[in-house]
Amino acid sequence: MDISLIWMLLGLVYSRQVRERLKKQVAEMKEKFPGFTPGLAILQVGNRDDSNLYINMKLKAAAEIGISANHIKLPNTATEAEVLKCIASLNGDPAVHGFIVQLPLDSDKPINTEKITNAVAPEKDVDGLSSINAGKLSRGDLGDCFIPCTPKGCMELIRQTGIQVTGKRAVVVGRSKIVGAPMHDLLLWNHATVTTCHSKTSTLAEEVAKADILVVAAGKAEMVKGEWIKPGAIVIDCGINHVPDSTKASGKRVVGDVAYATAKEKASYITPVPGGVGPMTVAMLMQSTVESAQRFLEKFQPGKWNIQYNQLTLKMPVPSDIEISRSCIPKPIDQVAKEIGLLPDEIELYGQTKAKVHLSALKRLKNQPDGKYVVVTGITPTPLGEGKSTTTIGLVQALGAHLHQNVFACVRQPSQGPTFGIKGGAAGGGYSQVVPMEEFNLHLTGDIHAITAANNLVAAAVDTRIFHELTQSDQALYNRLVPSVNGVRKFSEIQIRRLQKLGISKTDPAALTKEEVNLFVRLDIDPATITWQRVLDTNDRFLRRITIGQSPTEKGFSRMAQFDITVSSEIMAVLALSDGLDDMKKRLGRMVVASSKRGEPVTTDDLGVTGALAVLMKDAVKPNLMQTLEGTPVFVHAGPFANIAHGNSSVLADKIALKLVGKEGFVVTEAGFGADIGMEKFFNIKCRYSDLRPNVVVLVATVRALKMHGGGPAVTAGIPLPKEYMEENLQLLAKGCSNLSKQIQNARLFGVPVVVAVNAFKTDTKAELALVVQLAKEAGAFDAVVCTHWAEGGKGAVALAQAVQRASQTPSNFRFLYNVELPVIDKIRIIAQQIYGASDIELLPEAQEKVAVYTKQGFGNLPICMAKTHLSLSHDPEQKGAPTGFILPIRDIRASVGAGFLYPLVGTMSTMPGLPTRPSFYDIDLDTASGEVNGLF
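Remember, predicted model here, so these are calculated numbers, not experimental data.

**Student:** I would appreciate a short explanation of the overall build of the protein in the present structure.
**Tutor:** Counting secondary structure elements, the protein contains 33 helices and 36 strands. With the C-alpha coordinates of the protein rotated into their principal frame, the extents come out at 110 × 80 × 55 Å. Considering only intrachain contacts with a sequence separation of at least 6, the fraction spanning at least 24 residues in the protein is 74%. A total accessible area of about 38900 Å² is found for the protein, and carbon and sulfur atoms account for 53% of it. Distance between charge centres in the protein, computed from 101 positive and 92 negative side chains, equals 2 Å.

Here you go:
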């Protein structure tokens, strides 16, 4: 048999053997790591026919082996910056293990090829073309680099001859970075004596004649003559050239760099062209991709973050929150993002310690399984709070930094009203905090400011529309609402929606009748029904009731109005409950601002402001990424009131976090106020809209609060605790545990296991803590654990984290408390009786009227969001423990139609807090030398 035929068969056969071996390896990977697939990305610029041919060969080979190959094709108009941006994205994609840039780059724009190939991450550079991989190869670090595929394939073919390379004289003709130079290094480090020649070598024939192993990659047709070759040499021909041939249909044929016809007579082994090196090059690309995936698996367990945790240096006594916060050096937030699997183009940096996360991350991860979903709530609190936020952060630090689970905290953004008003900043406390505290509490990324702007735009639109309708005729209004631009009048998209709502199918402004024009231009808002107020993120009691429209330019059209605090705006609740940009836009358009004089709801869409609101909110919809003291990730997003709204952080943050942590990970979120308020709304409103199902409830309790519920004296912020709270009193404590029992019962109504976290204070005795644990278990808690996370960080919540892990493995038979199709009154009664312990409800006349109005307007099937005091299970803040038999009075009912709930008002409450005699801003100052904020916490 002709030896060339043997070599041709070896080339094809061995490449097939390589593919079969790789196919088995990939199958074993997938079996061992379900859901994992080696990934190859091929980036092409332009549309060269030869590049398309080579890429198709690679894609076909990848599909055969089981590699997920992605072909990214940029147009030939792509700039260098655009190519580099695409490379950066692929470098950061954990699903891409091998990444090649198809050369040459076919672009109309000047692009530095060297810069492009060096931009590919060395650990993904399966073509081996980056300077780092080339440098490692030249130094002999063969086990720590990727070797260009053609030289790697050549070396495999040489090995197949069975001839030892060691000690042989090798000649490489060609010095390109892709074949010649790396081939020289590869032979050298396999112990051959290597000479590199090229087209300018004057003694080329003499050098070739010395070669035991000859590799030719000069790119010149039949440059090396057969008579030059040493008898018995191994000849590897890497060339692909086209020469004229009138016998071929194409008029040309493919030849190598070696004169094959004469060379085969002298060589012991020779590769034909085509069919020799070519098949091996593709096979080696696949092999390098699989090797890269194996390295990835050795370094990163699929579904397990490779995260760097911060070590806490605990001090006793525990320093102030701000001292602790400043003693920690946070990781760069882009590092946090990379550790948890976010891609570079999925984050938007706001300095070094915070970033917004694009919603594209959720789309990319949509097929990933969700992690375990945990909600932290509490017993009915004292005015001082019982540490839900601190427990949330302590728990995630324990699960992450100490138990090495993927874990995310999702918390609300605080309002600046309380920060500068009565309590200063809040980001957890002690050694369980979100850092840096200043960033967390001041502005963050501007979401609340965006809500302020959007809310007040709606308020301005309402009063302006009333003003214009009172001062203009139908035709004048129509001419201004649908103006002629360059002689053409047409309806905007939002105006088309209004026409459809009115039952008018016409799209030509000239076709409307006078009656239709009247319906279109007249919202006919009844000022007495306006529910939309202006907002400000500052506590200012003097804006609770104001008169607007006093200027002479408003022609006497004044009315009574008010300012609320920004976080009470319905737009905040919309942000928190939206599951995407499109959903948010629809919810913004559905918000009801008033009723017309005909009793019909007037929406923001009717006002024509929906699109503008979406523009103002387009960045606010992206969750904000921060971190805890111990380096676990935190989403800080949305901060709706927990009384007139549902008091939970955003659905979007939870959804993205659940995908990022993976099936075995945990997402811990917090519900505002006690379980009777925040938890009930979390289940009945947030989970209803998000379609997420919780696995565990963590119920935070303190000895202090339970003593208060047992009949202890009032607890007041700013006043030292009475002695009853400083001394052991088991009788008082046992009596107060009625509240704990009731809140455990409330959680179990929803079919979710409850773990009680007893947040320990230094004044608590061992007997008191043991009693709370005992009574919690007797009341039906899955477990009850004493926690010291305020003083010890995650270490102090490890037992809680372990209890949560165990609870998450038990069945969660989650169920809603009521069917939304029930009448409004029935839904309110169910909450009052089953959650609060009331015997019945009483609707005052205004509330009865609203039930009728909202039912008629089609809003009767919305969930209920009770607005009542958080200081008692009842409507009376003075009633502690677990009162029963009371009648719950419903003063009024209002609608947040865009957010998607009705909120009955139980008693009176303000949506604009006031400042105390000595506001916290007295202590806040800026050190102008260091730029540090002092006195904020």
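**Student:** How should I be thinking about the pairing of strand S29 (residues 754-759) in this particular structure?
**Tutor:** One face of the sheet, then the other: side chains in a regular strand alternate in exactly this way. The element S29 is extensively covered by neighbouring structure, given that six of its six residues are classed as buried. Neither face of S29 is exposed, since Val754, Val756 and Val758 on one face and Val755, Ala757 and Asn759 on the opposite face are all buried. In the sheet, strand S28 (residues 696-701) pairs with S29 via five bridges, with the strands oriented parallel. Residue Ala701 lies in a different strand from S29, and its bridge partner there is Val758. In this sheet, strand S30 (residues 783-787) lies alongside S29 in parallel orientation, the contact comprising five bridges.

**Student:** Can you walk me through helix H20 (residues 514-521) in this structure?
**Tutor:** The set of residues buried in H20 consists of Glu516, Val517, Phe520 and Val521. Buried residues of H20, viewed axially, fall in a sector of 120°; they line one side. Among the exposed residues of H20, those pointing more than 90 degrees away from its buried face are Lys514 and Glu515. Elements that come into contact with the buried residues of H20 comprise helix H17 (447-471), helix H18 (474-481) and helix H19 (493-501).

**Student:** Teacher, can you tell me more about the sheet that holds strand S7 (residues 234-237) here?
**Tutor:** Strand pairing in a sheet takes place through backbone hydrogen bonds and is either antiparallel or parallel in direction. Spatially, S5-S4-S6-S7-S10 is the arrangement adopted by the five strands of the open sheet, whose pairing is parallel. Only two strands of the sheet have a single partner each, and these edge strands are strand S5 (193-197) and strand S10 (269-270). Judged from the five bridges that link them, strand S4 (residues 169-173) and S5 form a sheet pairing that is parallel. By the bridge assignment, Val172 is partnered in S5 with Thr196. Along the sheet, helix H7 (residues 180-188) makes contact with S4, S5 and strand S6 (213-216), crossing S4 at roughly 170°.

**Student:** Help me understand the UniProt feature "domain: Tetrahydrofolate dehydrogenase/cyclohydrolase NAD(P)-binding" (unreviewed entry) in the protein in this model?
**Tutor:** UniProt marks residues 148-295 with the feature "domain: Tetrahydrofolate dehydrogenase/cyclohydrolase NAD(P)-binding" (unreviewed entry), using the numbering shown here. Counted over residues 148-295, helix gives 34% and strand 19%. Its end C-alpha atoms are 18 Å apart.

**Student:** What's the story with the side chain of Glu469 in this structure? I'm lost.
**Tutor:** By the element assignment, Glu469 lies in helix H17. Residue classification places Glu469 among the buried positions, given a relative accessible area of 11%. If we skip the residues at most four places from it in the chain, Glu469 touches Leu477, Val521, Arg522, Leu523 and Asp524.

**Student:** Would you mind going over unusual backbone geometry with me for this structure?
**Tutor:** Peptide bonds are mostly trans, and most non-glycine residues show a negative phi. Following Val273, the chain continues to Pro274 via a peptide bond in cis, the omega torsion being 0°. Examined against the element boundaries, Pro274 turns out to sit in the loop between S10 and helix H10 (277-299). The omega torsion across Val435 and Pro436 is -5°, close enough to zero to call that bond cis. If you trace the backbone, Pro436 turns up in the loop between strand S16 (432-435) and helix H16 (437-441). Phi at His443 takes a positive value of approximately 70°, unusual for a residue other than glycine. Within the element layout of this structure, His443 appears in the loop between H16 and H17. Positioned with a positive phi, Asp691 is a non-glycine residue whose angle comes to about 65°. Considering the arrangement of structural elements, one finds Asp691 in the loop between helix H26 (675-690) and S28.

**Student:** What exactly am I supposed to notice about the pairing of strand S32 (residues 887-890) here?
**Tutor:** Only one face of S32 is covered, namely the face carrying Leu888 and Ile890; the face carrying Ile887 and Pro889 is uncovered. Where strand S31 (residues 840-843) and S32 come together, four bridges link them in parallel fashion. Looking across to S32, one finds that Asp840 is bridged to Ile887.

**Student:** Looking at this structure, I do not really get the state of the cysteines. What am I missing?
**Tutor:** Two cysteines joined by a covalent bond between their sulfur atoms form a disulfide. Counting across every chain of the model gives zero disulfides. You can see Cys737 has no disulfide; the closest cysteine sulfur is in Cys787, sitting 15 Å from it.

**Student:** Honestly, the nonpolar core in this entry has me stumped. Any pointers?
**Tutor:** One recurring pattern in soluble globular proteins: nonpolar side chains tend to sit buried together. The biggest cluster of nonpolar side chains holds 134 residues, and the ones touching the most others in it are Leu740 and Val756. Ignoring sequence-local partners within four residues, the contact set of Val756 consists of Leu699, Ala701, Leu740, Ile744, Ala776, Ala781, Asp783, Ala784 and Val785. One finds Met29, Ile147, Ala170 and Val172 within the second-largest nonpolar core, a separate group that totals 50 residues.

**Student:** Looking at this structure, I do not really get the environment of Pro753. What am I missing?
**Tutor:** If you trace the backbone, Pro753 turns up in the loop between helix H28 (730-748) and S29. Beyond its immediate stretch of four places on either side in the chain, Pro753 contacts Asn695, Val696, Val697, Phe782, Ala807, Thr810, Pro811 and Ser812.

**Student:** Would you take a moment to explain the packing of aromatic side chains for this structure?
**Tutor:** Two measures describe an aromatic ring pair: the distance that separates the ring centres and the angle between the ring planes. Overall, the coordinates contain 13 aromatic pairs when judged by the stated rule. Between Phe467 and Phe557 the ring centres are 6.0 Å apart and the planes differ by 75°, which places this aromatic pair in the edge-to-face class. Pair noted here: Phe467 is in helix H17 and Phe557 is in the loop between strand S20 (546-548) and strand S21 (559-561), with a separation of 90 residues, a long-range link. For Phe467, a relative accessible area of 18% translates into the label buried. Stacked on the ring of Phe816, the Lys or Arg Arg688 has its end atom at 4.2 Å from the ring centre.

Cut-offs used in this document
- Residues numbered from 1 in each chain as written.
- Predicted model: local features only at pLDDT ≥ 70, side-chain atom pairs only at ≥ 80, totals over all residues.
- Heavy atoms only, no water.
- Helix = DSSP H or I, 4+ residues; strand = E, 2+ residues; numbered from the N terminus.
- Contact = heavy atoms within 4.5 Å.
- Areas by Shrake-Rupley, 256 points an atom, 1.4 Å probe, with all protein chains shown as cover.
- Lys, Arg positive; Asp, Glu negative; His and termini not counted.
- Charge placed at Lys NZ, Arg CZ, Asp CG, Glu CD.
- Buried < 20%, exposed > 50% of the residue type's maximum accessible area, 1.4 Å probe, protein only.
- Pairing = 2+ DSSP bridges.
- Arc of directions from axis to C-beta.
- Axes fitted to C-alpha atoms, helices over the stretch in contact; angles between N-to-C directions.
- UniProt positions renumbered as here; feature names shortened; annotations may be inferred.
- Disulfide = S-S within 2.5 Å.
- Core = buried A, V, L, I, M, F, W, Y, C linked by side-chain atoms within 4.5 Å.
- Phe/Tyr/Trp six-rings, centres within 6.5 Å; stacked < 30°, edge-to-face > 60°.
- Lys NZ or Arg CZ within 6 Å of the ring centre and 35° of its normal.

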